[in-house]
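Coordinate analysis (summary)
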Amino acid sequence: MTDCLFCRIVAGSIPSTIVHRDDHLVAFRDIDPNAPMHVLTIPTTPIATLNDLSSEDDALIGSMFRRAAAIATEHGYADRGYRTVFNTNRESGQTVFHVHLHLLAGRGLNWPPG
Ligand SMILES: [Zn+2]
């Protein structure tokens, strides 16, 4: 079994609140939310960081953004607004090295981010 927390969520070996699952993506609630809605969308196959993407991943990454938008819409945030963020490596705050798209919604979000 992998040590990667998100691979274990994909495998179902640790509990999570799944909001979407298909063959390529899993979306689940962040266990330490930073907004009323904080969902992480991940690919089912692991990629460590955005630095590790290839052109073959273009459709996958596009589908992650479209899924996040669909989740925001389902929960009533499409018009209010929401933020989608990939953090990459240490100074950004990435702590799990399996790419994940944050979806944050439900409160005013500062710009620039801290
Ligand atoms: Zn992983």
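Residues numbered from 1 in each chain as written. Predicted model: local features only at pLDDT ≥ 70, side-chain atom pairs only at ≥ 80, totals over all residues. Heavy atoms only, no water.

A few points about the pairing of strand S1 (residues 18-21)
Where we set the bar: DSSP calls a pair of strands paired once it identifies at least 2 bridges connecting them. Helix numbers and strand numbers start at the N terminus; a helix is a DSSP run of H or I with at least 4 residues, a strand a run of E with at least 2.
Examined bridge by bridge, S1 and strand S2 (residues 25-29) share three bridges and lie antiparallel to one another. Across the sheet, isoleucine 18 pairs through a bridge with phenylalanine 28, a residue of S2. Here S1 hands over to S2 after three residues, the two strands then running antiparallel side by side.

Looking at the layout of surface pockets
The condition that has to hold: Only protein atoms enter the calculation, which uses a 1 Å grid: trapped sets of points that fit a 1.4 Å probe without letting it out are cavities, open sets showing protein on both sides within 12 Å along at least five of seven lines are pockets, and any residue with an atom within 4 Å of a point is a lining residue. Grid points are joined across faces, edges and corners, and a volume is the space filled by probe spheres set on the points. When residues are sorted by character, Ala, Val, Leu, Ile, Met, Phe, Trp, Tyr, Cys and Pro go into the nonpolar class, Asp, Glu, Lys and Arg into the charged class, and all the rest, Gly among them, into the polar class.
Approximately 770 Å³ is the volume attributed to the largest pocket. What lines the largest pocket is a set of 31 residues, among which Asn34, His38, Asn87, His102 and Leu104 lie closest to the centre. Among the secondary structure elements, those contributing two or more residues to the lining of the largest pocket are helix H1 (5-11), S2, strand S3 (37-43), strand S4 (82-85) and strand S5 (101-105). Counting residues per element, the lining of the largest pocket draws most heavily on H1, which supplies three residues. When the residues that make up the lining of the largest pocket are grouped by side-chain class, the tally is 13 nonpolar, twelve polar and six charged.

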